[in-house]
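One-letter residues, chain by chain:
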Amino acid sequence: MNAYERMMNRIEGKPVDRPPNMNIVMLFAARETGHHYGQVIRNGRLLAEGMLRCYERYGLDCLWTISDSVREPGDVGAEVVVPEKGVPYCPVPFIREASDLSKLKLVDPWDGPAMSDRIESVRVLKEAARGEAPVVGWVEGAFAAACNFMDVQPFLMFLMEEPEAARELLDYCYELELKFALAQVAEGAEIIGVGDAAASLIGPRLFDEFAFEYERRMIEAIHGAGARVKLHVCGNINPILDRITQTGTDILDCDHMVDMARAGELMRGKGCVCGNFNPVTVALYGTPEDVREASVRCAEMAENSIVAAGCEIPLDTDPANLLAVHEALCGLQR
């Protein structure tokens, strides 16, 4: 069974030879190319090279295009800093108050230098995969995107003080991110990762009011275009598990503090759960044996599990530790 068959069978509730391995590699993948992240982050072909090396060397069951969360604001006009060895960020919020919403424009992803670069990664990986592994495109959820345009704390205050203006920003972010997602599907992404990390910060009531419907609609639209969805809300989503498992996502990421067994039960018949060993204490600071044991525990926590760290594999992780995930899962192979 190849990686594409393994992933799609798991999503569809069909038999697999072993649980899939879907560890997120970003800075780690750049290191595999021998270049600093700043050199890789806006070079779609180099990014694809790093992802292919991780797929081949460490037994991943997908090909990622995940890299950073500010491609979209940058293409709209926000100032973006690309550190040599770190993740790009916006030093100054593009939106500071309601009157700044007039600066927003719907950029065509094909015309944005940073967004089109990710589309290029999708194209390169799709050609290289030859149907053997799924290509995973990436966008931000509307809530996370709004936080990227405004910064997290100011946007949370915006929700309370100017909810109508906050809704206008969310509507804009939804439209922009959906255009970006559909462009990646058009170039061959079989799965779209939707990163909505900040949504874990707001609690059930605000999640229902300001995040749930945007996630549900985006997932529905991506399904309509023929792709699957992986919803990534890192952090503690235990308080919103009942709702987030109703978004329609095919894969729900579970960070290390999330009750993955309960998430797996709630996703039964809907899709699968991905996670969820600790990326720091286990992946970065643990031994290969620690990683193998944690991977087996995650695989056994839910019958519909995909195994990975709860969030990104840290840059300085020992390659032997990442390889240990693959070794553990191969030990479960039927």
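Residues numbered from 1 in each chain as written. Predicted model: local features only at pLDDT ≥ 70, side-chain atom pairs only at ≥ 80, totals over all residues. Heavy atoms only, no water.

## Points about helix α10 (residues 203–224)
Then comes step 1: End to end, α10 covers 29 Å across 22 residues, agreeing with the expected 32 Å (1.5 Å per residue, within 8%).
Then comes step 2: Of all the bends found along α10, the most pronounced is centred on A211 and spans about 50°.
Then comes step 3: Along α10, the residues that are buried comprise L206, F207, F210, A211, F212, Y214, E215, M218, I219 and I222. (Helix = DSSP H or I, 4+ residues; strand = E, 2+ residues; numbered from the N terminus. Expected span 1.5 Å × (residues − 1). Bend = angle between axes of the 7 residues up to and from the residue. Buried < 20%, exposed > 50% of the residue type's maximum accessible area, 1.4 Å probe, protein only.)

## A closer look at helix α9 (residues 163–186)
Then comes step 1: Along its 24 residues, α9 runs 34 Å from first to last C-alpha, staying within 8% of the 34 Å computed at 1.5 Å per residue.
Then comes step 2: Looking at the residues trailing α9, positive phi occurs at G188, about 120°.

## Quick word on the sheet that holds strand β2 (residues 135–140)
Then comes step 1: An order of β1-β2-β3-β4-β5-β6-β7 is seen for the seven strands of this open sheet, with the pairing classed as parallel. The open sheet has two free edges, formed respectively by β1 (63–64) and β7 (305–309), since each of these has just one partner strand.
Then comes step 2: Both strand β4 (residues 228–232) and strand β5 (residues 251–253) contribute to a ladder of two bridges, which runs parallel. Considered in β5, the bridge of K230 is made with I251.
Then comes step 3: Set on the sheet, α9 makes contact with β2 and β3 (191–195); between it and β2 the angle comes to about 170°.
Then comes step 4: Taken strand by strand, α10 contacts β2, β3 and β4, and its axis lies near 155° from that of β4. (Pairing = 2+ DSSP bridges. Contact = heavy atoms within 4.5 Å. Axes fitted to C-alpha atoms, helices over the stretch in contact; angles between N-to-C directions.)

## Points about the packing of helix α4 (residues 44–58) against helix α6 (residues 113–129)
Each pair of packed helices can be described by the angle between their axes along with the distance between the axes.
Then comes step 1: Where α4 meets α6, the axes come as close as 8 Å, and the angle between the chain directions of the two elements is 45°. Compared by their axis directions, α4 and α6 come out oblique. Seen from above, α4 lies across α6 with right-handed handedness. Here G44, R45, L47, A48, M51 and L52 of α4 come into contact with α6, specifically with D117, E120, S121, V124, L125 and A128.
Then comes step 2: Residue composition of the contact of α4 with α6, by class: seven nonpolar, two polar and three charged. (Parallel < 35°, antiparallel > 145°, perpendicular 65-115°, else oblique. Left-handed = near helix turned anticlockwise from the far one by under 90°. Nonpolar A, V, L, I, M, F, W, Y, C, P; charged D, E, K, R; others polar.)

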